[in-house]
Amino acid sequence: MLHEKADFCRQLIVRAGELVMEGFGQTRAIEMKGRQDYLTEVDGRCERFLRAAIAEAYPQDGFFGEEGGGSDAATLWVVDPIDGTANFARNIPHFCIAMAYVENGRAEFGAIYNPVLHELHFAVRGHGATLNGKPIHVSGVSDPQAATVELGWSARIPNADYLSAMSGLLDYGFNVRRAGSGALGLAYVADGRNEAYAERHMNSWDCIAGLLMVEEAGGRVCSFEGSEKILQGGPVLASAPGLAEPISEIMHIPLAAPREEAR
Ligand code: IPD
Ligand code: CA
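Model, not experiment: these values are computed from the prediction.

*Asks:* Sorry, what's going on with unusual backbone geometry here?
*Replies:* For residues besides glycine, phi is generally negative; the peptide bonds are generally trans as well. With a phi angle near 60 degrees, Asn 91 is a residue other than glycine that sits in the positive phi range. One can find Asn 91 in the loop between helix H3 (85-89) and strand E6 (96-103). Positive phi, normally seen in glycine, also occurs at Asn 132, with a value near 45 degrees. Inspection of the secondary structure puts Asn 132 in the loop between strand E9 (129-131) and strand E10 (134-135). On the basis of relative accessibility, which here comes to 45%, the residue Asn 132 falls in the partly exposed class.

*Asks:* Please clarify how the environment of Gly 192 should be interpreted in this entry.
*Replies:* With respect to the element layout, Gly 192 can be found in the loop between helix H5 (182-190) and strand E13 (196-202). Judged by relative accessible area, which is 26%, Gly 192 ranks as partly exposed. The spacing of Gly 192 and Gly 17 is 175 residues in sequence and 23 Å in space, taken between C-alpha atoms. When residues no more than four places from it in sequence are discounted, the contact partners of Gly 192 are His 137, Val 138 and Ser 139.

*Asks:* Explain the packing of aromatic side chains here, please?
*Replies:* Remark: the centre distance and the inter-plane angle together describe each pair of aromatic rings, the angle taken between the planes. For the structure on display, the rule yields 12 aromatic pairs. Ring geometry for Trp 77 versus Phe 109: centroids 5.7 Å apart, planes at 75 degrees, classification edge-to-face. Of this pair, Trp 77 sits in strand E5 (residues 75-83) while Phe 109 sits in strand E7 (residues 106-114); the two residues are 32 residues apart in sequence, bridging distant segments of the chain. A relative accessible area of 0% means that Trp 77 is categorised as buried. With a centroid separation of 5.0 Å and 85 degrees between ring planes, the pair formed by Phe 88 and Phe 95 is classed as edge-to-face. Both residues of the pair, Phe 88 and Phe 95, count as buried. Among the aromatic residues, those joined into a cluster by ring pairs are Phe 8, Tyr 58, Trp 77, Tyr 101, Phe 109 and Phe 122.

*Asks:* Is there a simple way to explain the coordination of the calcium ion (ligand 2) in this structure?
*Replies:* Octahedral six-donor coordination of a metal ideally yields angles of 90 or 180 degrees, compared with 109.5 degrees for tetrahedral four-donor coordination. Surrounding the calcium ion (ligand 2) are the protein donor atoms Glu 66 (OE), Asp 80 (OD), Asp 83 (OD) and Asp 206 (OD), at 2.1 to 2.8 Å. Taken together, the six donor atoms coordinating the calcium ion (ligand 2) span angles of 60 to 159 degrees at the metal, a pattern that classifies the geometry as irregular. Taken in sequence order, the residues that donate to the calcium ion (ligand 2) follow the motif E-x13-D-x2-D-x122-D. Of this pair, Glu 66 sits in the loop between strand E3 (62-65) and strand E4 (69-70) while Asp 83 sits in strand E5; the two residues are 17 residues apart in sequence, bridging distant segments of the chain. In this pair, the class of Glu 66 matches that of Asp 83, namely buried.

*Asks:* Teacher, can you tell me more about the sheet that holds E7 here?
*Replies:* Whenever strands of a sheet pair, they do so through backbone hydrogen bonds, lying parallel or antiparallel. Taken in spatial order, the eight strands line up as E4-E3-E5-E6-E7-E8-E9-E10 in an open sheet, and their pairing is mixed. Only two strands of the sheet have a single neighbouring strand rather than two, namely E4 and E10. Where E7 and strand E8 (residues 119-124) come together, six bridges link them in antiparallel fashion. In the strand pairing of E8, Ala 111 is matched with Phe 122. The sheet contacts of helix H2 (residues 41-57) involve E3, E4, E5 and E6, and relative to E5 the element is tilted by about 155 degrees. The strands touched by helix H6 (residues 204-216) are E3, E5, E6, E7, E8 and E9; relative to E7, the strand with the most contacts, the crossing angle is about 100 degrees.

What counts, and where the lines are drawn
Residues numbered from 1 in each chain as written. Chains lettered and ligands numbered in written order. Predicted model: local features only at pLDDT ≥ 70, side-chain atom pairs only at ≥ 80, totals over all residues. Heavy atoms only, no water. Helix = DSSP H or I, 4+ residues; strand = E, 2+ residues; numbered from the N terminus. Buried < 20%, exposed > 50% of the residue type's maximum accessible area, 1.4 Å probe, protein only. Contact = heavy atoms within 4.5 Å. Phe/Tyr/Trp six-rings, centres within 6.5 Å; stacked < 30°, edge-to-face > 60°. Donors = N, O, S within 2.8 Å, 3.2 Å for Na, K, Ca; no water. Tetrahedral: all angles 85-135°; square planar, octahedral: opposite > 155°, others 65-115°. Pairing = 2+ DSSP bridges. Axes fitted to C-alpha atoms, helices over the stretch in contact; angles between N-to-C directions.

Structure follows, in structure tokens:
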């Protein structure tokens, strides 16, 4: 059943990507949900498409999405119809659709699809992570002076917290970047394009697929399980193993025990 759902998710997210691309690169109405928090009509259209397709195929499963909300359920789809909406709204081709399937508060598989580059990152718990079907691994870099950390930002956290985290990372020797899609930022840790991703607060729809991906690609992550994290979000850290401990200390975000110890 899980593998059948995972196959369904792979196909569905690519169809959602086609729908999103129909609206990319056009002048469009933009609404602001809050400070620097964008919403386009395409976000809502994509989420409605995904919600309807999942409800038809798996009516017993719950759905929790960035735009329409939802509630927790024993079997739950957690969906961000466009992550990187500010990029999408400005015609910057760095955004994605993110989907995770969660059972009893724990992600069992996750998908992150960049429809511009046709890149599908996918992970199934215990079965590794892939990019367009090929296995991926986190970076082997352990020298901070050769490492890049993506630091996410939102208005949900005071500016001072972001600035002190950035300053701590820079002082330690890291390069710090921010590309505006937390889900893609995590996928890029899984495939070794960045050494780490950290953010003081993320919603589950932005991070739950990516955290599983990094773990399955051999990285270290914070814990992000249970109903409270799914509904309220929490701090996020995902890193190549050689750099996880100093980044965890600088960010004050604890790491979960490595996979082998957790078993
Ligand atoms: C945001 C982006 C951003 C991250 C924020 C998210 P949105 O999602 O992922 O990179 O730093 O925490 O809220 O608004 O583009 O869907
Ligand atoms: Ca998002």
